[in-house]
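These are the residues of each chain, in order.
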Amino acid sequence: MKVIVVGGVAGGASAAARLRRLNENAEIILLERGEYISFANCGLPYYIGEVIRKRDNLVVQSPESMKKRFNLDVRVLNEVKNIDIEKKQVDIYDIKHKKKCRESYDKLILSPGAVPIKPPVKGFDAPNVFTLRDIPDTLAIKNFIDVHNPISAVVVGAGFIGMELVENLYRRGIAITIVELAEQVLAPLDSEMASLIHQHLKEKKVEFYLNDEVKEVEHREGFSLVKLGSGREIKTDMVLIGIGVRPEITLAKISGLEIGERGGIKVDRFLKTSNADIYAVGDAIEVIDYINGNSVLIPLAGPANKQGRIAANNICGMTEEYTGTQGTSILKVFDMTVATTGNNEKLLKRLNIPYEKSFSHSSSHAGYYPDALSLSIKLIFSPDNGKILGAQIVGYDGVDKRIDVIATAIRAGMKVYDLEKLELAYAPSYSSAKDPVNMAGYVASNILKGDSVIIHWHDIEKLNHEKTVLIDVRTPKEFSLGTIEGAKNIPVDELRNRLNEIPQDREIIIFCQVGLRSYIACRILRQKGYKKVKNLSGGYKTYFSAVQRQDNPNIFQYEKIEKSDLIKASESFYHRNSR
Ligand SMILES: Cc1cc2nc3c(=O)[nH]c(=O)nc-3n(C[C@H](O)[C@H](O)[C@H](O)COP(=O)(O)OP(=O)(O)OC[C@H]3O[C@@H](n4cnc5c(N)ncnc54)[C@H](O)[C@@H]3O)c2cc1C
């Protein structure tokens, strides 16, 4: 059997290695148009930030090591230009030697990845405007910083790659301005969870503009002027575009393979394209959304690697289905970690899929043990049966394991009631006897069982204050530091003695900092005969963060930026946080 794999990084390298492990006799050719195979895309921003210091560490395997270990015929700088589907042959262009050749195949695997989106904006083609996808892009950005020592950068787009660039440019002592078209950073999050990141970016003195876009970059003597749709103009030294990727379908398209409704290569559940001898994997394909069953593009390394393995299995006769992608992802944003899995509220709303949501703010580990930090979980679930549809977690420590537990629970078809029962590892330095995942399960289950009737932060502004009483059950000190307009302060421990201050005939909205004391207060009032009592889900913390001004304008004045201040901030961040 002769198999050709097109694309030598995540999906392609994984497929080729698996093929060899299953078939020692197959002829396997791995064709990669770039100079490198099997490099660490996900590590690229950290090389720019000098967290990864050695360039060699970015390359996981070389053609030589792949030959030695897996006996693969690896050809870098070899681009596949066309597939002759009838003859089962590919046209290859050897970029280094400027030569064309043809190779036949029995089976073909395509893993051509994705390409960064670069809209036709005037000025985006200048040498100080970058996108980031591969090692040459990385070297170009790093070289620009090393040579020109810029004081400021504009990052266009606050997706995963944009945000990783923000942190790593900050590490290099560069003042950063983000320009984002949406009303929030990090689209996989819902707005109130993104607002926690907005607050953190403000703490780090990152300037950012939301609901705005770059219309033009004018390059002048010594600086560039980034012109936004709002009319604002930002002076900067460099521009980095991270507004997303589109599947690399050039080869598939000209070769006559079917393209799906979302613009990716169409595959069946065995990852076979419209041609029976050609499989496709990775960022280039459309996958089934594990939660809602629709065709989607989810460009992530985990799915690409798994699909590469499955395609190889299927070629070798071990029939295996790809069951869909749930989009589990994680990102470090300065001191915080953001993670998501499954569908978010925005998407479920758009698809008209019924859902309920809960917010819980726990500590990363037992509060009495040093360094416990807050961890916020948004759980999204079916109101009918409690099936988990998605989760978003924002925190400082322990976010990774909590999202993985919930991602696993989703795969197992679990319901929020099951999260209550999970027996998770506990010692004070790692968790609490009720882990944050258990707590999220309790909060969601209480809502579904009717033990806790909730109101969400976005419904507060719609309240009719003549028919409603807002009660803040935190301490007077907390109350004095800020509360919801119109709220009355009755600390939870005084509630039983102050019932005369709470009318029976009005709707009572109770809140505390995170929703726990208010839950207790709600239970007291319900048992004292109050019928219309609601708990503000996620408490004042979720409310306050969500209703604040979200952008962070006018932080820098280009002429007044002091490089020494930037370096100081970056060094202090670096010493605290060298991960
Ligand atoms: C900066 C950055 C950070 C990332 N961080 C993360 C992360 O933290 N977590 C995560 O899950 N994902 C991350 N990703 C995404 C992840 O890298 C991709 O999802 C994954 O690499 C996709 O694998 P793939 O095989 O589909 O494509 P790629 O890994 O991009 O490989 C495709 C290869 O195919 C080659 N190719 C294309 N067309 C041809 C042709 N005609 N002939 C020959 N070769 C061709 C390309 O040159 C390319 O090298 C990141 C991506 C980037 C760029």
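Just above, that's the structure.
As a starting point, this report considers the structure included with it. (Residues numbered from 1 in each chain as written. Predicted model: local features only at pLDDT ≥ 70, side-chain atom pairs only at ≥ 80, totals over all residues. Heavy atoms only, no water.)

**Looking at the packing of helix H1 (residues 10-22) against helix H8 (residues 301-315)**
Interaxial distance between H1 and H8 falls to 7 Å at its minimum, and their mutual angle equals 35 degrees. At the point where H1 passes H8, the crossing takes the right-handed sense. From H1, Ala10, Gly11, Ser14, Ala15, Arg18, Leu19, Arg21 and Leu22 reach across to H8, where they touch Ala304, Asn305, Gly308, Arg309, Ala312, Asn313 and Ile315. Residue classes in the contact of H1 with H8 are distributed as seven nonpolar, five polar and three charged. (Axes fitted to C-alpha atoms, helices over the stretch in contact; angles between N-to-C directions. Helix = DSSP H or I, 4+ residues; strand = E, 2+ residues; numbered from the N terminus. Left-handed = near helix turned anticlockwise from the far one by under 90°. Contact = heavy atoms within 4.5 Å. Nonpolar A, V, L, I, M, F, W, Y, C, P; charged D, E, K, R; others polar.)

**Observations concerning a negative patch on the surface**
A surface patch of negative charge is lined by Asp371, Asp397, Asp400 and Asp404. Here Asp371 lies in the loop between strand E23 (356-363) and strand E24 (374-381). By relative accessible area, which is 63% here, Asp371 ends up exposed. (Patch = residues over 30% accessible without salt bridge, like charges linked within 9 Å, V, L, I, M, F, W, Y side chains within 5 Å. Areas by Shrake-Rupley, 256 points an atom, 1.4 Å probe, with all protein chains shown as cover. Salt bridge = Lys/Arg side-chain N within 4 Å of Asp/Glu carboxyl O. Lys, Arg positive; Asp, Glu negative; His and termini not counted. Charge placed at Lys NZ, Arg CZ, Asp CG, Glu CD. Buried < 20%, exposed > 50% of the residue type's maximum accessible area, 1.4 Å probe, protein only.)

**Comments concerning the layout of surface pockets**
Here the second largest pocket defines a volume of roughly 590 Å³. Lining of the second largest pocket is provided by 26 residues; of these, His361, Ser362, Met439, Val514 and Leu516 occupy positions nearest its centre. At the level of elements, E23, helix H12 (436-449), helix H14 (516-527) and strand E30 (533-536) are the ones that each hand at least two residues to the lining of the second largest pocket. Here the lining of the second largest pocket is built from residues that sort into ten nonpolar, 13 polar and three charged. (1 Å grid on protein atoms, 1.4 Å probe; cavity = no way out; pocket = protein on both sides within 12 Å on 5 of 7 lines; lining within 4 Å. Points joined across faces, edges and corners; volume = space filled by probe spheres on them.)

**A word on the side chain of Glu345**
Along the chain, Glu345 falls in helix H9 (residues 345-350). If near-sequence neighbours (up to four positions away) are discounted, Glu345 is found in contact with Asp190, Glu192, Tyr355, Lys357, Lys378, Ile380, Gln392 and His458.

**Re empty space enclosed by the protein**
Per the counting criterion, the structure on display carries one cavity of 30 Å³ or more. Size it by volume and the largest cavity reaches roughly 50 Å³. In terms of lining residues, the largest cavity is bounded by Gly282, Asp283, Ile285, Val287, Ile298, Pro299, Leu300, Pro303, Ala304, Gln307 and Thr325. Top contributing element to the lining of the largest cavity by residue count: H8, with three residues.

**Examining the packing of aromatic side chains**
Applying the stated criterion to the full structure yields eight aromatic pairs. Both rings, one in Tyr170 and one in Phe334, keep their centres 4.8 Å apart while their planes meet at 85 degrees; by these two values the pair is edge-to-face. Of this pair, Tyr170 sits in helix H5 (residues 160-171) while Phe334 is found in the loop between strand E21 (329-333) and strand E22 (336-342), placing the two residues 164 residues apart along the sequence. When the centroid spacing of 6.1 Å and the interplanar angle of 50 degrees are considered together, the rings of Phe223 and Tyr558 count as tilted. With Phe223 in strand E14 (residues 223-228) and Tyr558 in the loop between helix H15 (539-547) and helix H16 (563-576), the pair connects residues that are 335 residues apart, well separated along the chain. Side by side, Phe223 and Tyr558 carry an identical accessibility label, which is buried. In textbook terms, an aromatic cluster arises when at least three aromatic residues are bridged by ring pairs, as seen for Phe511, Tyr540, Tyr543 and Phe544. Against the face of Tyr290 rests Arg411, its NZ or CZ located 3.9 Å from the ring centre. (Phe/Tyr/Trp six-rings, centres within 6.5 Å; stacked < 30°, edge-to-face > 60°. Lys NZ or Arg CZ within 6 Å of the ring centre and 35° of its normal.)

**Topic: the environment of Lys346**
With respect to the element layout, Lys346 can be found in helix H9. Lys346 sits 156 residues away from Asp190 along the chain, and the two C-alpha atoms are 6.6 Å apart. Of the polar contacts made by the side chain of Lys346, one reaches the backbone oxygen of Ala187; its length is 2.7 Å. (Polar contact = N/O pair within 3.5 Å; in protein donor to acceptor, adjacent residues only side chain to side chain.)

**Section: the nonpolar core**
Ranked by size, the top nonpolar core spans 58 residues in total, and within it Met163, Ile197 and Leu201 carry the most contacts. What Ile197 contacts, discounting residues up to four positions off in sequence, is Met163, Val185, Leu186, Leu189, Val333, Met336, Val338 and Val394. Among the nonpolar cores identified, the runner-up in size contains 48 residues, and Ala16, Ile29, Ile109 and Ala252 belong to it. (Core = buried A, V, L, I, M, F, W, Y, C linked by side-chain atoms within 4.5 Å.)

**Some points on a nonpolar patch on the surface**
Taken together, Tyr368, Tyr369 and Tyr426 make up a surface patch of nonpolar side chains, about 370 Å² in accessible area. The exposure class assigned to Tyr368 is exposed, which follows from its relative accessible area of 63%.

**Points about helix H4 (residues 135-148)**
An α-helical turn contains 3.6 residues, so a residue and the one three or four places further along point in the same direction. Relative to the 20 Å expected for 14 residues at 1.5 Å per residue, H4 spans 20 Å between its end C-alpha atoms, a close match to the ideal helical length. Those residues of H4 lying buried are Ile135, Thr138, Ile141, Lys142, Phe144 and Ile145. Where H4 is buried, its residues touch helix H2 (44-48), strand E9 (129-130), H5 and strand E16 (238-241). Structurally, the start of H4 carries an N-cap: the backbone nitrogen of Asp137 is 3.1 Å from a side-chain oxygen of Asp134. A positive phi of about 45 degrees marks Asn149, the residue just after H4. (Expected span 1.5 Å × (residues − 1).)

**Structural notes on the pattern of salt bridges**
Inspection of every chain in the model, using the stated rule, returns 41 salt bridges. With its nearest N and O atoms 2.8 Å apart, the salt bridge here joins Glu345 to Lys357. Residue Glu345 is found in helix H9, and its partner Lys357 is found in strand E23; the two are separated by twelve residues along the sequence. Each of the two residues, Glu345 as well as Lys357, counts as buried.

**Observations regarding the sheet that holds strand E15 (residues 233-236)**
The sheet built from three strands is open, its strands ordered E13-E14-E15 with antiparallel pairing. Looking along the sheet, the strands with just one partner apiece sit at the ends: strand E13 (214-220) and E15. For this sheet the average axis-to-axis angle between neighbouring strands, irrespective of direction, equals 20 degrees. As judged from the four bridges shared by E14 and E15, these two strands associate in the antiparallel manner. Residue pairing in the sheet places Leu225 in a bridge with Lys235 of E15. (Pairing = 2+ DSSP bridges.)

**Considering the site of the ligand**
For the ligand, the set of nearby residues contains 29 residues, the closest of which are Gly11, Glu32, Ser111, Arg133 and Asp283. At 3.4 Å, a side-chain N or O of Asn41 approaches an oxygen atom of the ligand. For the ligand, an oxygen atom lies 2.9 Å from a polar atom in the backbone of Ala301. Considered on its own, the ligand offers 990 Å² of accessible surface; in the complex 89% of this is hidden by protein. If you list the elements that add at least two residues to the shell around the ligand, you get H1, strand E4 (78-84), H5 and H8. Classifying every residue of the shell around the ligand gives 15 nonpolar, eight polar and six charged. (Near = heavy atom within 4 Å.)

Note that every value here comes from positions in space, so none of it alone points to a role or purpose.
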